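Architecture and fold: a report
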Amino acid sequence: DFEILKKCIQSMPSFNRQKQVWETILRELIKSFCDFTTLAVGLSTMTRRIHNDKNNESFKSSHADLVRCAVLDSFASETCDQMMNSYRQSHHLLRDYDIIESSPKRKGNLLLFITTCLGIHDSSHKSL
């Protein structure tokens, strides 16, 4: 459960250690083909403020900074590339030599995942 993960990560005193643990867990979720909907809900949970911290705006941006990482950016970019290649293949926009072998399909709501990633990126830059 992402709520438990969030509390565990929050209990670590070092931001660098929090980031390291988050990236490791995210890599494992990606490797295990965790579905897009679960990832999106998890990302939202990880960046959501807890009840007694509603007045602390830096809390949300600091957690967005934690969740946004090279692992997530890379995965989201690769996912968008695969989605665009799939679209182009389905609409015959690729030549035969451009066709890329598709990997196993990940289930879930891809649009929700992408918009969640974009929202995390956007929310962390609003405080600048």
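Predicted model, so just to flag it, every value in this text is computed and none were measured.

**Concerning the overall build of the protein**
Within the protein, the regular secondary structure consists of six helices and zero strands. The helix and strand sequence of the protein, counted from the amino end, reads α-α-α-α-α-α. Buried positions account for 34% of the 128 residues belonging to the protein. Long-range contacts, defined as pairs at least 24 residues apart, comprise 75% of the intrachain contacts of the protein with a sequence gap of at least 6.

**Observations concerning the packing of helix 1 (residues 2–10) against helix 2 (residues 15–31)**
At a minimum axis distance of 9 Å, the contact between helix 1 and helix 2 shows a crossing angle of 155°. Relative to helix 2, the element helix 1 lies roughly antiparallel. The interaxial crossing formed by helix 1 with helix 2 has right-handed handedness. On helix 2, the residues that touch Phe2, Leu5, Ile9 and Gln10 of helix 1 are Gln18, Val21, Trp22, Ile25 and Leu29. A class-by-class count of the residues in the contact of helix 1 with helix 2 yields seven nonpolar, two polar and no charged.

**What to know about the pattern of salt bridges**
A side chain of one charge can pair with a side chain of the opposite charge if their charged atoms are brought near each other. For the structure on display, the rule yields four salt bridges. In this structure, Glu23 and Arg27 form a salt bridge, with 4.0 Å as the shortest nitrogen-oxygen distance. Linking Glu23 with Arg27, this pair stays in helix 2, spanning four residues, or about one helical turn. Classification of Glu23 as buried rests on a relative accessible area of 18%. We classify Arg27 as partly exposed; its relative accessible area is 37%.

**Here we look at the side chain of Lys19**
Considering the arrangement of structural elements, one finds Lys19 in helix 2. The side chain of Lys19 is buried and forms no salt bridge, while Glu23, the nearest opposite charge, is found at 4.7 Å. Setting aside chain neighbours within four positions, we find Lys19 in contact with Asp65, Leu66, Arg68 and Cys69.

**Remarks on the nonpolar core**
Judged by nonpolar contacts, the single largest core of 26 residues is most densely connected at Trp22, Leu26, Leu43, Leu72 and Phe113. Going through the elements one at a time, helix 1, helix 2, helix 3 (36–47), helix 4 (57–67), helix 5 (70–90) and helix 6 (110–126) are the ones with two or more residues in this core. When near neighbours in sequence (up to four residues on either side) are disregarded, Phe113 contacts Phe36, Leu39, Ala40, Leu43, Leu72, Phe75, Ala76 and Thr79.

**As for the environment of Leu39**
Looking at the element boundaries, Leu39 is found in helix 3. Since its relative accessible area comes to 3%, Leu39 is described here as buried. When the C-alpha positions of Leu39 and Leu29 are compared, they lie 8.2 Å apart, and in sequence the two are ten residues distant. Residues contacting Leu39, with those up to four places away along its chain left out, are Leu26, Leu29, Cys34, Phe75 and Phe113.

Calculation notes
Residues numbered from 1 in each chain as written. Predicted model: local features only at pLDDT ≥ 70, side-chain atom pairs only at ≥ 80, totals over all residues. Heavy atoms only, no water. Helix = DSSP H or I, 4+ residues; strand = E, 2+ residues; numbered from the N terminus. Buried < 20%, exposed > 50% of the residue type's maximum accessible area, 1.4 Å probe, protein only. Contact = heavy atoms within 4.5 Å. Axes fitted to C-alpha atoms, helices over the stretch in contact; angles between N-to-C directions. Parallel < 35°, antiparallel > 145°, perpendicular 65-115°, else oblique. Left-handed = near helix turned anticlockwise from the far one by under 90°. Nonpolar A, V, L, I, M, F, W, Y, C, P; charged D, E, K, R; others polar. Salt bridge = Lys/Arg side-chain N within 4 Å of Asp/Glu carboxyl O. Lys, Arg positive; Asp, Glu negative; His and termini not counted. Core = buried A, V, L, I, M, F, W, Y, C linked by side-chain atoms within 4.5 Å.

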